[in-house]
Amino acid sequence: MAGVSPGQEVPVVLSVLGRPPTGRPPGVLAACDGSDGSLWALDRAMTEAELFDLPLYVLAVVNPAPAGYPPGMAELVQESVETLVESMADGLRRAVATVLRQRVRPYAGEMSLHVVLGNVIEVLLEASTRQHTLVVGTRGNGGFARLLLGSVSSAAVHHAACPVLVVPAPAEG
């Protein structure tokens, strides 16, 4: 998708395979969970994608069963999983729209949105193998707000297969 205007809705690619679609050219991968940190990172990822004339892949990961399902329960929770994925897709669209509205210049690059089922760290590390840059915020929606670097950004810095840009919160002032 070429340039996106602030009022334009960006379609979301839903993947339930545990990883974003393959076979696409390397680009800038932005992890987005809707937190302030991920919105700042998304804005920076847009700038990086434009700077290097690369596609931007915005990725939200849904982990519907962090501890796994008890035997026989997977079918019973399928409707809840579908609702969760739809909610995450809607949240991802709103996050992108928020960043687009706040940018000084409209984003003029190619962008696609992806919602993937799986473990956040595993999905990001897998997706990083095919990317130019992975962009993450310092902290997401997890707990422990006192930490400077969250578990996802820490794992990305230490294990991603591409360069990682960790975007801190803007200076208060």
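This text goes with the structure placed above it.
Residues numbered from 1 in each chain as written. Predicted model: local features only at pLDDT ≥ 70, side-chain atom pairs only at ≥ 80, totals over all residues. Heavy atoms only, no water.

**With respect to helix 3 (residues 120-128)**
Rules: We call a residue buried when its accessible area falls under 20% of the maximum for its residue type, exposed when it is over 50%, and partly exposed in between, using a 1.4 Å probe and counting protein chains only. Only DSSP runs of H or I with at least four residues qualify as helices, and only runs of E with at least two residues qualify as strands; both kinds are numbered from the N terminus onward. What the arc describes is the spread of directions from the helix axis to the C-beta atoms. Should any heavy atoms of two residues lie within 4.5 Å, those residues are counted as being in contact. Two N or O atoms count as a polar contact when they lie within 3.5 Å, although within protein this holds only if one can serve as hydrogen donor and the other as acceptor, and sequence-adjacent residues are included solely when both atoms are side-chain atoms.
Buried within helix 3 we find Val123, Leu124, Ala127 and Ser128. On an axial view of helix 3, the arc spanned by its buried residues comes to 130°, and they lie on one face. In this structure, the buried side of helix 3 is in contact with strand 2 (28-31), strand 3 (56-62), strand 4 (111-117), strand 5 (133-137) and helix 4 (151-159). N-cap assignment for helix 3: the residue whose side-chain oxygen lies 3.0 Å from the backbone N of Ile121 is Asn119.

**Some remarks on unusual backbone geometry**
One non-glycine residue, Asp53, adopts positive backbone phi at about 50°. Tracing the chain through its elements places Asp53 in the loop between helix 1 (36-51) and strand 3. Asp53 sits in the exposed class, given a relative accessible area of 70%.

**Side note on the pattern of salt bridges**
The criterion, for reference: Here a salt bridge means any side-chain nitrogen of Lys or Arg lying within 4 Å of a carboxyl oxygen belonging to Asp or Glu.
In this structure the tally under the stated criterion is 6 salt bridges. Among the salt bridges present, the one from Glu126 reaches Arg130, with a minimum N-O distance of 3.2 Å. Classification of Glu126 by relative accessible area gives partly exposed; the value is 33%. Taken together, the shared-partner salt bridges connect Asp43, Glu50, Arg103 and Arg105 into one network.

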